Amino acid sequence: ESTREQNCCCCFHLSMERTQDREEIPRDFTNIYFGSQIGLRSVKYSRYLSCDSENSQATVTGSHPSLVTKELRKTCSEELTILSFHDQKYDGPVTFGSAVMLQSYDGNFLTFNAAGELRLEGKSRGDQGEDVHSDTWITKLAKWYLLDANNVSSRRAVSCFDDVVFKSPFEHHMICESNLVISAQGPAISADTTWKIVKAGVPYMPDWTFTRPSLDQNHLVFSNSRFLSSDYSSSSKKKLAAEKNQLGSMPIYLQEQYLIEDILWAMMSLEGTYIKRKVSKGEGGSQLKKMTYEVEPYLQQPTADVSLLNIAKNILTICSNHDKIRIFINIHSQFEYGRVSHALCSAITQLLREYTLLITQLDSEFNQCTLTLQKLWYYVQPSMKIMESLAKVSDQAEALRGG
């Protein structure tokens with residue numbers, strides 16, 4: 001056991017050395033930012049918007065921007081730059097309701113007119129002879145309103161998983177016609193007018209690889225970013241308390257068995273019957289929220305036996321560290337975090353296999369009715385040190401990106 005712990009410490013040291021040279025990445029990797037290169041994917045046809053500079057039109061016949069060669073980009077490009085209409089140098093997050101402009105790879109803008117015709121213009125003059133780079137020309141032809149296809153009143157940040165629509169000042173939507181040519185004549189929001197914004201430099205991944213909460217413990221990322229336990233109202237707490245039997249009303253033996261069962265679930269980042277996850281704001285300016293496990297948090301005071309409760313609280317520390325590590329792996333395994341981050345996540349995953357094996361052994365002993373809280377506390381001691389070290393690595397590498 002000591003040899004294994006020494007090897008783990010060496011891995012921690014090597015991993016920490018790798019993260020020191022990383023570039024800080026304070027942004028949310030799922031969000032879209034102004035000034036970034038994107039692609040537009042049609043929800044109905046599952047093809048990408050392609051800008052045909054020779055014919056001055058756009059069609060839905062392209063592939064993902066990362067698959068297009070530089071030679072093809074000169075005449076037919078799927079890569080666009082999304083710019084803020086009010087400040088083209090602004091590089092903050094794109095939000096729904098924003099006025100945006102779409103610029104092609106060769107510098108042309110995706111424009112429209114009152115008749116709903118869509119063209120690529122920017123290096124020549126407009127219909128009336130205006131300078132295409134003037135504010136007047138841009139106001140008339142290149143201004144789009146970016147809206148949420150499922151909630152047009154939404155003003156939250158846009159992510160690469162959202163269904164979006166582009167609306168012109170003439171109250172028409174960007175639409176893909178039956179001949180796959182794009183126009184600005186869409187009368188209402190439909191599958192033809194709905195798009196997904198993808199990052200040009202990142203290979204396309206289906207939404208379900210990240211948005212399914214039960215896949216690869218994605219629910220931890222959702223809980224960390226979208227949910228606070230303080231959102232529970234007092235009425236819902238009372239309802240939860242009424243639906244569950246309090247531990248204090250049971251014999252000591254049953255209390256211990258229920259606590260052990262819930263702890264084994266919590267060690268796998270799953271809530272039990274009496275042990276629930278509590279999410280609160282992070283400490284020290286951390287972007288990630290603090291996640292802890294508590295016994296009977298739906299009550300004002302836990303009713304379990306005090307001695308059992310103290311042992312359970314000590315063991316639940318390893319569950320909180322496991323949550324933090326899993327969130328780090330799920331996020332930093334994404335393509336945009338780089339190969340060094342991927343290597344670090346792979347090394348951490350290897351160490352977590354030993355942790356999973358420990359849970360399996362503990363569960364087997366629990367099913368044989370030979371596992372007590374005292375024995376469980378003894379068995380997890382070596383793993384607690386390792387998980388604490390991994391959690392520290394995750395904290396320090398949280399806002400970093402590899403090469």
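Residues numbered from 1 in each chain as written. Predicted model: local features only at pLDDT ≥ 70, side-chain atom pairs only at ≥ 80, totals over all residues. Heavy atoms only, no water.

**Q** Which parts of the structure should I look at to understand the packing of helix α8 (residues 306–332) against helix α9 (residues 338–367)?
**A** Two numbers describe a pair of packed helices, the interaxial angle and the distance between the axes. Interhelical geometry of α8 versus α9 gives an angle of 145° and a closest axis separation of 10 Å. In the crossing of α8 with α9, the sense of the turn from one axis to the other is left-handed. Between α8 and α9, the residues in contact are Ile318, His322, Ile325, Arg326, Phe328, Ile329 and His332 and Ser341, His342, Leu344, Cys345, Ile348, Thr349, Leu352 and Tyr355, respectively. Along the lines of polarity and charge, the residues of the contact of α8 with α9 split into nine nonpolar, five polar and one charged. (Axes fitted to C-alpha atoms, helices over the stretch in contact; angles between N-to-C directions. Helix = DSSP H or I, 4+ residues; strand = E, 2+ residues; numbered from the N terminus. Left-handed = near helix turned anticlockwise from the far one by under 90°. Contact = heavy atoms within 4.5 Å. Nonpolar A, V, L, I, M, F, W, Y, C, P; charged D, E, K, R; others polar.)

**Q** What is the right way to read the packing of aromatic side chains from this model?
**A** Taken as a whole and judged by the stated rule, the model has five aromatic pairs. Relative to Trp144, the ring of Phe112 has its centre 4.8 Å away and its plane inclined at 65°; by these criteria the two rings are edge-to-face. Of this pair, Phe112 sits in strand β8 (residues 109–112) while Trp144 sits in strand β10 (residues 144–148), placing them 32 residues apart in sequence. Judged by relative accessible area, Phe112 falls into the buried class, the value being 2%. (Phe/Tyr/Trp six-rings, centres within 6.5 Å; stacked < 30°, edge-to-face > 60°. Buried < 20%, exposed > 50% of the residue type's maximum accessible area, 1.4 Å probe, protein only.)

**Q** Quick question: what am I supposed to make of a nonpolar patch on the surface here?
**A** On the surface, Tyr253, Leu254 and Tyr258 cluster together into a nonpolar patch covering about 290 Å² of accessible area. Along the chain, the position of Tyr258 falls in helix α7 (residues 252–267). Look at Tyr258 and you get partly exposed, because its relative accessible area is 32%. (Patch = residues over 30% accessible without salt bridge, like charges linked within 9 Å, V, L, I, M, F, W, Y side chains within 5 Å. Areas by Shrake-Rupley, 256 points an atom, 1.4 Å probe, with all protein chains shown as cover. Salt bridge = Lys/Arg side-chain N within 4 Å of Asp/Glu carboxyl O.)

**Q** When you look at helix α11 (residues 381–396) in this model, what are you seeing that I'm missing?
**A** Spacing of three or four residues puts side chains on the same side of an α-helix, whose turn is 3.6 residues. Along its 16 residues, α11 runs 23 Å from first to last C-alpha, staying within 8% of the 22 Å computed at 1.5 Å per residue. The complete set of buried residues in α11 reads Ser383, Met384, Ile386, Met387, Leu390, Ala391, Val393 and Ser394. (Expected span 1.5 Å × (residues − 1).)

**Q** Would you mind showing me how to read the confidence of the model for the protein chain here?
**A** Any residue range with low pLDDT should be treated as having predicted coordinates unsuitable for detailed reading. This prediction gives the protein chain a mean pLDDT of 79; 74% of its residues lie at or above 70. Across residues 1–26, confidence stays below pLDDT 50; counting only partners more than four residues off in sequence or on other chains, it has 34 contacts. (pLDDT = per-residue confidence, 0-100.)

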